[in-house]
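Secondary and tertiary structure notes
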Amino acid sequence: MLKGRAVPSINIHGRALKAGEIMLVCLRPVNLLLLINFLALSSSYSLNATQPRSPPSGEDYNNFEDPTTRPPSSTPTVSESPELDSCHYDMCIEQQQTCKALSEVTPCLCPGLTEQFQPPIAPDRVHLTQLDDKRVEVHWCAPGSVVTHYIVLVKGKEDRRIPVEERKRATILQDMAAYDVVCVLAVNHGGSSTEDGQSCDIFEPQHSDSGLALKLGIIGGVVGLIVLLILALLLWRHKIRRKSTARNEMGGVM
């Protein structure tokens, strides 16, 4: 059998130390140094953490602000403009001040208008008012468009085109016949509006009851007067006959 290898040893102070004991003896000073360095680093870190942060170089310490004590920033408030009301502008009244002029005097909102180079919207609420048997007045309301002038169309035995200025909302038509059609067109630089049910009306003459009653009254008065004259004439003749008869009887007696 082979003999085991001899374990090296060192003799210190008359005592022989084996290899394992030699390693333990050498590592103890190293472990002690590492422990001392670790404790020194830990104490240095704790001191730095507890000390207040110094202000940046070149700045006054008194001007240094603690971010925790800084007041919260206030959010700027946006001032809302007051809501404007609609302008007191009636699209059906003529010869009134323009809505733009009204808005410049008193801030208000005008109705929206289409562009001047776009054909205008047709006028609405067109209606006729009979003045007599041959004359009518046509009324209309302005459209929501830029208008340079209006054209009133009369469709009957003879078609007529009557121009009307932009600020007008009514005009009188002469020589109207029953069931003539009247239409109002708006005109601008883009063209003219189209005809529809709101921009046209039909003239249907209405006979006045008072005129008819007056005519009947006149006729009745004339007839009554004639009857009274006839009755008076008959009564007068009857009296004359009675007188003549009485005279004849008196002459025969004598």
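The preceding data block contains the structure.
Notes on the structure follow. On a predicted model such as this, the values are computed, not experimentally measured, just so you know. (Residues numbered from 1 in each chain as written. Predicted model: local features only at pLDDT ≥ 70, side-chain atom pairs only at ≥ 80, totals over all residues. Heavy atoms only, no water.)

Glancing now at the state of the cysteines. The tally for this structure, following the rule as stated, stands at 4 disulfides. There is a disulfide in this structure between cysteine 92 and cysteine 141, and the S-S distance comes to 1.7 Å. Around the S-S axis, the bridge from cysteine 92 to cysteine 141 shows a dihedral of about 100° and counts as right-handed. With cysteine 92 in the loop between helix 1 (19–50) and helix 2 (99–105) and cysteine 141 in strand 4 (residues 136–141), this residue pair connects regions lying 49 residues apart in the sequence. Here cysteine 183 connects covalently by a disulfide to cysteine 200, the sulfurs 2.0 Å from one another. On the S-S bond that ties cysteine 183 to cysteine 200, the torsion sits near 110°, and the link is right-handed. One end of the pair, cysteine 183, is in strand 8 (residues 181–188); the other, cysteine 200, is in strand 10 (residues 200–202), and 17 residues separate them in sequence. A single burial state applies to cysteine 183 and to cysteine 200, both of which are buried. With cysteine numbering restricted to those in disulfides and following the sequence, the protein has the pairing 1-4, 2-6, 3-5, 7-8. (Disulfide = S-S within 2.5 Å. Helix = DSSP H or I, 4+ residues; strand = E, 2+ residues; numbered from the N terminus. Buried < 20%, exposed > 50% of the residue type's maximum accessible area, 1.4 Å probe, protein only.)

This next bit is on the packing of aromatic side chains. In this description, a pair of aromatic rings is defined by centroid distance and the angle of the planes. Scanning the entire structure with this criterion turns up 1 aromatic pair. With a centroid separation of 5.4 Å and an interplanar angle of 55°, the aromatic rings of tryptophan 140 and tyrosine 150 are classed as tilted. Of this pair, tryptophan 140 sits in strand 4 while tyrosine 150 is found in strand 5 (residues 149–155), placing the two residues 10 residues apart along the sequence. Exposure class is identical for tryptophan 140 and tyrosine 150. Each is buried. (Phe/Tyr/Trp six-rings, centres within 6.5 Å; stacked < 30°, edge-to-face > 60°.)

Another aspect to go through is a nonpolar patch on the surface. Side chains of Leu214, Ile218, Ile219, Val222, Val223, Ile226, Val227, Leu228, Ile230, Leu231 and Leu234 sit close together on the surface and give an oily, nonpolar patch of about 1000 Å² of accessible area. Here valine 227 is to be found in helix 3 (residues 209–253). (Patch = residues over 30% accessible without salt bridge, like charges linked within 9 Å, V, L, I, M, F, W, Y side chains within 5 Å. Areas by Shrake-Rupley, 256 points an atom, 1.4 Å probe, with all protein chains shown as cover. Salt bridge = Lys/Arg side-chain N within 4 Å of Asp/Glu carboxyl O.)

Below, the discussion takes up the pattern of salt bridges. Evaluation of the coordinates by the stated rule reveals 4 salt bridges. Residue glutamate 94 is joined to lysine 168 by a salt bridge in which the shortest nitrogen-to-oxygen separation is 3.9 Å. Taken together, the positions of glutamate 94 in the loop between helix 1 and helix 2 and lysine 168 in the loop between strand 6 (160–165) and strand 7 (170–173) put the pair 74 residues apart, joining distant regions of the chain. Accessibility expressed as a relative area gives 23% for lysine 168, which makes it partly exposed.

We now examine the nonpolar core. Side chains of a nonpolar character, in soluble globular proteins, are inclined to be buried together. Residues Val138, Trp140, Tyr150, Val152 and Leu173 are the most contacted members of the largest nonpolar core, which totals 22 residues. Counting residues per element, the ones that place at least two in this core are strand 3 (124–130), strand 4, strand 5 and strand 8. Membership of the second largest hydrophobic core comes to 6 residues, among which are Leu153, Cys183, Leu185 and Cys200. (Core = buried A, V, L, I, M, F, W, Y, C linked by side-chain atoms within 4.5 Å.)

Time to look at the pairing of strand 3. Bridge analysis of strand 3 against strand 4 gives 5 bridges, and the strand direction is antiparallel. When the sheet's bridge partners are listed, glutamine 130 is paired in strand 4 with valine 136. Taking the residues between adjacent antiparallel strands as the criterion, strand 3 and strand 4 are bridged by 5 residues. (Pairing = 2+ DSSP bridges.)

Purely geometric numbers; function is a separate question.
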